[in-house]
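Residue strings, one per chain:
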Amino acid sequence: MDKNFALFSGSSNPSLAEEMAKFLDVKLGQVELKRFVDGENYVNYSESVRGLDIYIVQSTCNPQNDNIMELLIMIDAAKRAAAERITCVIPYYGYGKQDRKINDREPITAKLVAKLLGSAGAEKVLTMDLHSDQVQGFFDIRSDFLYASGPLMNYFTKKHGNKNLIVVAPDVGASKRARAYAKILGTEIAIIDKRRPRQNQSIVMNLVGDVSGKTALLVDDEINTGGTLVNAAEALLKNGAKEVYAIGSHGVFAGDALEKLEKSPIKEVIVTNSIPMKRKSSKIMVVSVAPLMAEAIKRMHENKSISKMLHQ
Ligand code: R5P
């Protein structure tokens, strides 16, 4: 990387940022991130960023509000220190699920966060596997979107192959993602009709497609409470599937999700390191997206095509 480039990390996912730095063959920039006694964030770049094209890595995962605020303050500090261009690298885009109003008088937080990043002074955003594609349109600044399907499928097929496989969307919203996986893996898809009677609770209503005797691979954007995947796996086995695996691009693992998945009939759950795992679990395999994100950062800095890289 040339002298105009610098990579910094917020405090949400330093190990992923460190891995990206290794792939880019650079040292992570030094920045002081701390809290005042009253809880307010303090940010101070320990080196000059004047005239630089800087990239700030921050997943806006739990604690979402703290991580978003820290990112905004990092952008502000860099802007005031005369950085030439600021790019937010957000492996996991928190608040992205509230992307439309379902009930009256609700917010659209996915849009609000996008607006805040631009208002703070970011010129570009790089993120991965958004909850829905429509969120792309919420950014008024330049933005690039990556898909973790490459590294995730690579891991899955190397270990399990694609014989007798069927890709399953755990809800209708995931069917586009499932189709994309199935196209590359050369398999059929099945779709589960999921309903949410209330927040964080899901029930399986119907299954569209024939899974009998098949190895089912559930694919979803994120695993939150784990309810969607566990219920889907049980329904698949009831409908004759031989075994069930699951891919979730982002391992949120809220509440007792890990225990739930541990006890579930799912054989292996594969996620990326977009969110650092707080606890280990024998069933969870974490695939790194550092090479994918690092290559995208390099191309952004050098103004080279990212779509070419994704289609390779
Ligand atoms: C929902 O529409 C998303 O795509 C995921 O299916 C959902 O966030 C998973 O949540 P949970 O693990 O709590 O069922």
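Rules used in this analysis
All chains use their own residue numbering, which begins from 1 and follows the written sequence. In view of the model being predicted, local features appear only for residues whose pLDDT reaches at least 70, and side-chain atom pairs are presented and counted only at 80 or more, with totals across whole chains, interfaces and linings using the full set of residues. Here the side-chain values reflect all heavy atoms present in the structure, with hydrogen atoms and water set aside. Salt bridges are identified by distance alone: a Lys or Arg side-chain nitrogen within 4 Å of an Asp or Glu carboxyl oxygen. Per-residue accessibility, obtained with a 1.4 Å probe over protein chains only, is compared with the maximum for each type, and a residue is labelled buried under 20%, exposed over 50%, and partly exposed between these values. Classification of ring pairs rests on two measures: the distance between centres of Phe, Tyr or Trp rings, Trp counted by its six-membered ring, which must be within 6.5 Å, and the angle between planes, read as stacked under 30 degrees, edge-to-face over 60 and tilted in between. Runs of H or I in DSSP of at least four residues are treated as helices and runs of E of at least two as strands, each being numbered from the N terminus. The near set for a molecule or strand comprises every residue that places at least one heavy atom within 4 Å of it. We define a polar contact as two N or O atoms separated by no more than 3.5 Å, with the added condition that, inside protein, one atom must be a possible hydrogen donor and the other a possible acceptor, whereas residues neighbouring each other in sequence contribute only through side-chain atom pairs. For the accessible areas, the method is Shrake-Rupley and the probe is 1.4 Å, while residue cover comes only from the protein chains on display. When residues are sorted by character, Ala, Val, Leu, Ile, Met, Phe, Trp, Tyr, Cys and Pro go into the nonpolar class, Asp, Glu, Lys and Arg into the charged class, and all the rest, Gly among them, into the polar class. Should DSSP find at least two bridges between two strands, the strands are regarded as paired. To define axes, lines are fitted to C-alpha atoms, for helices over the stretch in contact only, and angles between the resulting N-to-C directions are given on a 0 to 180 degree scale. To estimate the expected span of a helix, subtract one from its residue number and multiply by 1.5 Å. What makes two residues a contact is simply this: any of their non-hydrogen atoms within 4.5 Å. Among buried residues, those of type Ala, Val, Leu, Ile, Met, Phe, Trp, Tyr and Cys that are joined through side-chain atoms within 4.5 Å constitute a nonpolar core. Domain limits in this description derive from either an automatic procedure or a database domain assignment.

Asks: How would you summarise the pattern of salt bridges if you had to cite specific residues and measurements?
Replies: Under the defined criterion, the tally for this structure stands at 19 salt bridges. In this structure, Asp-99 and Arg-100 form a salt bridge, with 3.0 Å as the shortest nitrogen-oxygen distance. Between Asp-193 and Arg-195 there is a salt bridge, with its nearest N and O atoms 3.0 Å apart. Exposure remark for Asp-193: the relative accessible area of 15% places this residue in the buried category. Here the residues in one salt-bridge network are Lys-298, Glu-302 and Lys-304, joined through shared partners.

Asks: Account for the packing of aromatic side chains, with residues named and values stated.
Replies: The way to describe two aromatic rings as a pair is by their centre distance and the angle between their planes. Tallied over the full model, the rule gives 6 aromatic pairs. Pairing Phe-36 with Tyr-42 gives two aromatic rings, centres 5.5 Å apart and planes at 70°, and the pair type is edge-to-face. With a centroid separation of 5.5 Å and 75° between ring planes, the pair formed by Phe-156 and Tyr-245 is classed as edge-to-face. With Phe-156 in helix α4 (residues 149-160) and Tyr-245 in strand β12 (residues 243-251), the pair connects residues that are 89 residues apart, well separated along the chain. Assessed through its relative accessible area of 1%, Phe-156 is described here as buried. A connected cluster of aromatic rings, assembled from ring pairs, spans Tyr-93, Phe-139 and Phe-145.

Asks: Pulling in residues and values, what's your account of the site of the ligand?
Replies: Neighbouring the ligand are 14 residues; Asp-220, Asp-221, Thr-225, Gly-226 and Thr-228 lie closest to it. Taking Asp-221, its side chain carries an N or O atom lying 2.5 Å from an oxygen atom of the ligand. In this structure, Asn-224 approaches the ligand through a main-chain N or O atom, which is 2.9 Å from an oxygen atom. Protein contacts shield 90% of the accessible area of the ligand, which totals 380 Å² for the unbound molecule. For the shell around the ligand, the secondary structure elements donating two or more residues are β11 (215-223) and α6 (227-238). The biggest single contributor to the shell around the ligand is β11, with 4 residues. Across the shell around the ligand, the residue classes tally to 1 nonpolar, 6 polar and 7 charged.

Asks: Any details on the sheet that holds strand β1 (residues 5-9)? Residues and values, ideally.
Replies: Strand order in the open sheet made by the 5 strands is β1-β4-β5-β6-β7, with parallel pairing throughout. The two strands at the open ends of the sheet, each matched to only one other strand, are β1 and β7 (142-146). On average, adjacent strands in this sheet sit at an angle of 20° to one another, irrespective of strand direction. The sheet contact formed by strand β6 (residues 124-128) and β7 spans 5 bridges and is parallel.

Asks: Describe in detail α6, supporting the description with residues and values.
Replies: Between its terminal C-alpha atoms α6 stretches 16 Å, which fits the 16 Å expected from 12 residues at 1.5 Å a residue. The set of residues buried in α6 consists of Gly-227, Thr-228, Leu-229, Val-230, Ala-232, Ala-233, Ala-235 and Leu-236. The secondary structure elements touched by the buried residues of α6 are β8 (165-169), β9 (188-195), β10 (203-208), β11, β12 and α7 (257-263). Immediately beyond the C-terminal end of α6, within one or two residues, lies Gly-240, with a positive phi of roughly 100°.

Asks: Requested: an account of the nonpolar core, with residues and values cited.
Replies: A general feature of soluble globular proteins is that nonpolar side chains tend to end up buried together. Counting residues in each nonpolar core, the largest one holds 44 residues, and the members touching the most others are Leu-7, Met-20, Leu-146 and Ile-297. Counting residues per element, this core draws most heavily on helix α8 (residues 290-301), at 7 residues. Counting contributing residues, this core receives three or more from each of domain 1 (5-147 + 290-310) and domain 2 (149-287). Among the nonpolar cores identified, the runner-up in size contains 34 residues, and Val-49, Ile-75, Ile-86 and Phe-139 belong to it.

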